[in-house]
Amino acid sequence: MSSFRNISRRDFLKFCAGTASILGLSEAAVPRIAKALEGAAKKPPVIWLEGQDCAGCSISFINSSNPGTAELVLDTISLRYHESLMAASGHVSEKAIQDTIKNESGGYVLLVEGSIPTEDPRFCQIAGRNFVDIVAEAAAGAAAVIAIGSCATYGGIPGDCPTPGRGMGVGDAMDKGLVPKKALINCPTCPVHPERLIGTIVYYLLYGKPPALDKVGRPVVFYDKLIHDNCERRGHFDNGEFLTDWNSFEKRNWCMYLKGCKGPFTHSDCPKRRWSDGLNWCIGCSSVCQGCAEPDFYAGMSPLYERSGKNLRGVSVEKIGAYATGAVAVGLAGHFIGQAMTGRLGKGGPPEEGGGN
């Protein structure tokens, strides 16, 4: 085999190796991924629905460059329905989704972007139909459902702000009986990272089941670490260097915890994966982490630019310094334990929160 779907063998294997890396698998998995994709003579059909959203997750997906969007849409998956990416429109596009639901029942993957209105289903309609009914119909025949972005996973901004529709995530819709119960994978953040989305789809194709999930339905491989653990400004936190004035040139790269950063409470691999082909991410742009990977985003993380009063595994950040020398520190996160035992935490925290600097 010298080429695969117009991709050279070399580029195809590079794509497989990159996918293995995304999934946290060793190089030994590359032949299996290649075999799974080559064996998928019938590319996995995908239906992508958009509800109450800003289309940010679609834009994030379109920005994929390695592999590119065309390779993903035309060569890796069979995208049967997407309001923006598909060439068809009107009744032709509606026929495409109906044909997929009818002819591929039990074999397609359903992606849902955007929340589902709770106050009145008429707040989100497509082709004259309520969005919740479209999701329910498509989910009924899906092999798996992947909710992408903060809105589709846990409601996001449409669910917490006083919007007329009051959005809810796909999981809540399943719990309320509005959408049939199916294998559900949540891939939050605003927007979703394309590698997490493609990695999840390829994993499902490879193993025929969802990847290991945490207690809120997120793939562990992408959401098992606190952003704070790998933040590029972590050293400033340890040294008690906190940004307090946005106009300070000297402190421009210091820890933004006092400015509302939610990195110590948010699980995601954002510092490692970054967006725009690994170019940058929120904190790299001098914006605080807004906690968009967590179920209590948006209400539980706002005001976004005020210091959080949340607790870290039962202990408030404000009290960490006080616990540094006590047995209670045993229950803290690993890095805080290390800091506590070495005395660094006492120096590292803000002075008004027990720090010594």
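For the structure, see preceding data.
Keep in mind that what you see is a predicted model, and the values were worked out from it rather than measured. Within every chain, residues take consecutive numbers counted from 1 along the sequence as written. Two thresholds apply to this predicted model, a pLDDT of at least 70 for residue-level local features and 80 or more for giving and counting side-chain atom pairs, whereas whole-chain, interface and lining totals are computed over all residues. Only hydrogens and water are set aside; all other atoms, that is, all heavy atoms of the structure, feed into the side-chain values.

Student: Any chance you could explain empty space enclosed by the protein here in plain terms?
Tutor: Over the atoms a probe the size of a water molecule is rolled, and this reveals where empty space is left. Of the two site types, the cavity is a set of points on a 1 Å grid over the protein atoms alone where a 1.4 Å probe fits but cannot get out, and the pocket is an open set with protein on both sides within 12 Å along at least five of seven lines, each lined by residues with an atom within 4 Å of a point. Grid points are joined across faces, edges and corners, and a volume is the space filled by probe spheres set on the points. Per the stated rule, a full pass over the model turns up two cavities of 30 Å³ or more. Here the largest cavity defines a volume of roughly 90 Å³. Forming the walls of the largest cavity are I227, H228, C231, R233, R234, C255, M256, Y257, C261, G263, P264 and I283.

Student: Would you take a moment to explain helix α5 (residues 90-103) for this structure?
Tutor: Here a strand is any run of E in DSSP of at least two residues, a helix any run of H or I of at least four, and the numbering for each starts at the N terminus. In this scheme, a helix's expected span is set at 1.5 Å multiplied by one less than its residue total. With 14 residues, α5 ought to run about 20 Å at 1.5 Å a step, and its terminal C-alpha atoms sit 20 Å apart, in line with that. Remark: exposure states derive from per-residue accessible area (1.4 Å probe, protein chains only) relative to the maximum for the residue type, with buried under 20%, exposed over 50%, and partly exposed in between. What α5 keeps buried is the set S93, I97, T100 and I101. Each buried residue of α5 lies within a common arc of 100° when the element is viewed along its axis, so the set occupies one face. Opposite its buried face, α5 presents the exposed residues H91, K95, K102 and N103, each directed more than 90 degrees away. Residues are treated as being in contact if the distance between any of their heavy atoms lies within 4.5 Å. Against β3 (45-50), β4 (78-81), β5 (108-113) and α6 (131-140) lie the buried residues of α5. Note: the arc covers the axis-to-C-beta directions of the helix.

Student: Any chance you could explain unusual backbone geometry here in plain terms?
Tutor: Leaving glycine out, the prevailing phi sign among residues is negative, and the prevailing peptide bond configuration is trans. Here the amide bond leading from C190 into P191 is cis, since omega sits at 5°, within 30 degrees of zero. Here P191 shows up in the loop between β11 (184-187) and α10 (194-207). The omega torsion across F297 and Y298 is 25°, close enough to zero to call that bond cis. For R166, which is not glycine, the phi dihedral falls at a positive 50°.

Student: Looking at this structure, I do not really get the pattern of salt bridges. What am I missing?
Tutor: Oppositely charged side chains can form a pair if their charged atoms are brought close together. What makes a salt bridge here is a side-chain nitrogen of Lys or Arg within 4 Å of a carboxyl oxygen of Asp or Glu, nothing more. Counted by the stated rule, this structure contains 13 salt bridges. Of the charged contacts in the structure, one is a salt bridge between R218 and E294, with a shortest N-O distance of 3.2 Å. Placement of R218 in the loop between α10 and α11 (220-223) and of E294 in the loop between α13 (270-273) and β12 (311-312) is noted, with a sequence separation of 76 residues between them. For the pair R218 and E294, a shared accessibility class is recorded, and that class is buried. Counted as one network, the salt bridges with shared partners bring together E195, R196, D269 and R273.

Student: Would you explain the sheet that holds strand β9 (residues 142-148) in this entry?
Tutor: By this definition, two strands are paired if DSSP reports at least two bridges between them. Across the sheet, five strands lie side by side as β4-β3-β5-β9-β11; this open sheet has parallel pairing. Each edge of the open sheet carries a strand with a single partner, namely β4 and β11. Taken over all neighbouring pairs, the strand axes of this sheet differ in orientation by 25° on average, direction set aside. In this structure, β9 lies alongside β11, joined through four bridges in parallel fashion. Bridged to A147 within β11 is N186. Note on definitions: angles span 0 to 180 degrees between N-to-C directions of axes, and those axes are lines fitted to C-alpha atoms, for helices only across the stretch in contact. Strands in contact with α10 are β3, β5, β9 and β11; relative to β9, the strand with the most contacts, it is inclined by about 165°.

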